[in-house]
Amino acid sequence: MDLERLGTAGDGAIRSRRGREREQENGKYLIALVGMSVLLLSTYQTCVAAAADWRSELVILRVDRKIDLTSHIVRVVMSLKVENTGSTRASDVIVAFPPGQVDNLAYLRASAAEGRGKNKVTVPLTANPFQSEDVPSGAALFSIALLKPLNKGETVTIEVLSVFTHSLMPLPEEITQAQSQLVIYRDSAYVLSPYPVKLQSTTVKTPSPRIESYTKVDPTKVVDAEIKYGPYENLPAFSFSSFIVHFENNQPFAVVKELVREIEISHWGNVQITEHYHLVHGGARLKAGFSRIEYQARPNIRGASSFKSLVARLPPRAHSVYYRDEIGNISTSHLKSDTRKTELEIEPRYPMFGGWQATFTIGYGLPLQDFLFQAADGRRYLNLTFASPFNDVVIDKLIVKVALPEGSKDPHVSIPISSVDQQQETKYSYLDTVGRTVVVLSKKNVIPEHNVFFQVYYNFSTFSMLAEPLMLVTGFFFFFLACILYSHFDFSISKSSVSYLAKLQREEVQDAIQRLQSVMNLRLAVSEKLEASLRDLARTGDVQACKAARKAADATLKDTAKELKSIHEFLQSSTQASHILPKVEELIHKEKEKQEKLLLKHSIVVDSVDKKLPSKEIDSRIASHEQKLVLLKQEVDELLQAVDDI
């Protein structure tokens, strides 16, 4: 196609359906993109004249291309029927991608059908980058190796799947909460091919029938949410005709800026996986603020461009699943599991609008026997998926850290993905002595197609499993041995030292105070018995029983007086009792005075009863003593409490 035709198509087809206002808003972006397309076309036409011999022998009879734009990940499926028209056998087929796409190419897979009828199977083909100077500037070539060389006149059908990230650009770049998200996609209506193409067609599928504008490259037809370009016939090599589609896409633009997966293997029966996410909404940025009330009232209208949840498909029998961030546990998650799968649905703390970010961590455990095996050569290997378990998520940078058990040697990684960087580091965990070997894998631009199984092989001795239990047993043995030795040895520096003697004296003073309290309690009990005998005398008039109680009390008081004297003399001789001695002396004095008053009262009452004096006269004779006894009892109780506090 010449420049005049491209200009006519780009100028006339991009018309807004919503009036001149939106056309003016978006025009500057579309004009710039069309200008870039014209520049690329000029470069391609220059290089067509310099076609090389390596592409002149093959002809593409038919190309059917389907471009899926229903999510933020662009998936393109091409079916190519190739014929060898040359005299030499061809063992490779070259496919090309324009400069604007190759930078966002995340995944490329080629396959061919083998056999016929019920025996027909799809066989994967190897695709590798191919270098040649005779191609348009910036275009990328990939060589697909055929299962068997293609002879003259033979044909082969190849299916190529290419997946692109960050290929949908929001337009406008900023929207309000109530607006839907509009994006543009840019490509060529003609399949970029280094070979002549006899017949080709392209189908573009959008997520909804709302298509704001599109470039017409006749013949072009729109049916619901699909745009069909072609069929186009007899196109020379490297034909190019740019088209732009401006359409509505409110699918979750979930982009993980960085994901760190930590996989820790324990031969005691568990594989622990911890995943740290830095999530961002990669669509049109939100402007003019966010209203939670409007969002909750009509989330499908006032938050059409946002997403509030993600679903992760975890391995079967996953257990101990958690979901948290820097604040703590996040309760807005739902876990469903059966024998075939475990699904975890998580909701961030807030709905994700364009430009908004969230960081969180999920973790879970897996049964060791389901993912760790032993190879024929005796090596053990972990068989686990590589990428994120979340659906339709783009990961700009993925880091996978596999921590092997301590004592593992000679790690080796087998992964069916290209452009994966590998390195090793050492990690120290509980009870580790030399540290654990950690295999670190990193890759950029990761998509769900990269979530394939990979294997980490390593050598491990069974004896190494006993290292930690033996360490624990030995540690506890020496701990208890140290406790036994400590309890049987005296580690004091000298028994004649001042501090040691002072400690002994303090202990002796404490013992003396305890004996003092016991003696005082005994003397108080004697006082209670004397009071009780007087009450019995007033009730029964039995003088002899009262005199017997007096005799027993006198004997007890006499014995305890000797004990008090001994304690008092010890405390006077001890330098460690100087702070408590005044209170003790006052206590002994007050208690002795109280006992004397009580005995005097007892004698007066007994004599009065013997003389058969009236009760009123007896009460008048002991009234003064009764008042004094009440005061002395109160003082003795206070002094006992003071001594106990000291």
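Residues numbered from 1 in each chain as written. Predicted model: local features only at pLDDT ≥ 70, side-chain atom pairs only at ≥ 80, totals over all residues. Heavy atoms only, no water.

By the naming in an unreviewed UniProt entry, the protein chain goes by Dolichyl-diphosphooligosaccharide--protein glycosyltransferase subunit 1 and is assigned to Araucaria cunninghamii. Heading Subunit (unreviewed entry) of the UniProt record for the protein chain holds this comment: "Component of the oligosaccharyltransferase (OST) complex." (UniProt positions renumbered as here; feature names shortened; annotations may be inferred.)

A. Highlighting the overall build of the protein chain. Each helix and strand counted, the protein chain has eleven helices and 31 strands in total. Buried residues in the protein chain amount to 44% of all 646 residues. Sequence separation of at least 24 residues holds for 77% of the intrachain contacts in the protein chain that already meet a minimum separation of 6. When the accessible area of the protein chain is evaluated, it comes to approximately 34,200 Å², of which 52% is carbon and sulfur surface. (Helix = DSSP H or I, 4+ residues; strand = E, 2+ residues; numbered from the N terminus. Buried < 20%, exposed > 50% of the residue type's maximum accessible area, 1.4 Å probe, protein only. Contact = heavy atoms within 4.5 Å. Areas by Shrake-Rupley, 256 points an atom, 1.4 Å probe, with all protein chains shown as cover.)

B. Representation of the side chain of Ser 533. Position of Ser 533 among the secondary structure elements: in helix α8 (residues 498-540). Apart from residues no more than four positions distant in its own chain, Ser 533 is found in contact with Cys 546, Ala 549 and His 602.

C. Here's a closer look at the pairing of strand β23 (residues 342-346). Residues Thr 342, Leu 344 and Ile 346 line the buried face of β23, whereas the alternating positions Glu 343 and Glu 345 sit on a face that is not buried. As paired strands, strand β20 (residues 310-314) and β23 are joined by five bridges and run antiparallel to one another. Paired with Ala 312 across the strands is Leu 344, a residue of β23. Relative to β23, strand β22 (residues 333-337) is paired through five bridges, and the arrangement is antiparallel. In the sheet register, Ser 337 faces β23, and the bridge partner there is Thr 342. Following β22, the chain reverses through four residues before pairing antiparallel with β23. (Pairing = 2+ DSSP bridges.)

D. Region of the structure containing the nonpolar core. With 54 residues, the main nonpolar core has Ile 158, Tyr 185 and Tyr 229 as its most contacted residues. Apart from residues no more than four positions distant in its own chain, Tyr 229 is found in contact with Ala 189, Ser 201, Thr 202, Val 204, Tyr 214, Thr 215, Val 217, Pro 219, Thr 220, Phe 243 and Val 245. The next biggest cluster of nonpolar side chains, apart from the first, holds 49 residues, and it includes Leu 259, Leu 279, Ile 330 and Val 393. (Core = buried A, V, L, I, M, F, W, Y, C linked by side-chain atoms within 4.5 Å.)

E. Structural context of the environment of Tyr 322. With respect to the helices and strands, the residue Tyr 322 is situated in strand β21 (residues 319-324). In this structure, the C-alpha to C-alpha distance between Tyr 322 and Gly 365, residues 43 residues apart in sequence, is 9.8 Å. Each residue touching Tyr 322, except ones within four places of it in the same chain, is listed here: Gln 272, Thr 274, Thr 361, Ile 362, Gly 363 and Tyr 364.

F. Expanded view of the UniProt feature "transmembrane region" (unreviewed entry) in the protein chain. According to UniProt, the "transmembrane region" (unreviewed entry) feature falls on residues 470-489. As annotated, residues 470-489 has a helix share of 95% and a strand share of 0%, and its two end C-alpha atoms lie 29 Å apart.

G. Quick look at a nonpolar patch on the surface. Together, Tyr 430, Leu 431, Met 471, Leu 472, Phe 476, Phe 479 and Phe 480 make up a nonpolar patch on the protein surface, roughly 780 Å² of accessible area in all. Relative to the helices and strands, Phe 479 resides in helix α7 (residues 467-488). (Patch = residues over 30% accessible without salt bridge, like charges linked within 9 Å, V, L, I, M, F, W, Y side chains within 5 Å. Salt bridge = Lys/Arg side-chain N within 4 Å of Asp/Glu carboxyl O.)

H. A look at the environment of Gly 86. Tracing the backbone shows Gly 86 in the loop between β2 (74-84) and β3 (90-97). Gly 86 sits in the buried class, given a relative accessible area of 10%. Sequence spacing of Gly 86 and Leu 58 is 28 residues, and the spatial spacing of their C-alpha atoms is 6.9 Å. Each residue touching Gly 86, except ones within four places of it in the same chain, is listed here: Glu 57 and Lys 152.

I. Region of the structure containing the sheet that holds strand β24 (residues 357-367). Within the open sheet, the seven strands sit side by side as β21-β24-β18-β17-β27-β30-β29. Their pairing is mixed. Two strands in the sheet have a free side with no partner beyond their single neighbour: β21 and β29 (421-427). Averaged over all adjacent pairs, the angle separating strand axes in this sheet is 15°, with direction ignored. Sheet topology places strand β17 (residues 254-266) next to strand β27 (residues 394-403); eight bridges connect them, and they run parallel. Across the sheet, residue Ile 263 finds its bridge partner in β27, namely Val 402. (Axes fitted to C-alpha atoms, helices over the stretch in contact; angles between N-to-C directions.)

J. Representation of the packing of aromatic side chains. Within the structure shown, the criterion is met by 21 aromatic pairs. Between Phe 97 and Phe 142, the aromatic rings sit 5.8 Å apart at their centres with planes inclined by 80°, giving edge-to-face as the arrangement. Taken together, the positions of Phe 97 in strand β3 and Phe 142 in strand β7 (residues 140-150) put the pair 45 residues apart, joining distant regions of the chain. Here Phe 142 falls in the buried class, since its relative accessible area comes to 14%. Among the aromatic residues, ring-to-ring pairing joins Phe 290, Tyr 295, Tyr 350, Phe 353 and Trp 356 into one connected group. (Phe/Tyr/Trp six-rings, centres within 6.5 Å; stacked < 30°, edge-to-face > 60°.)

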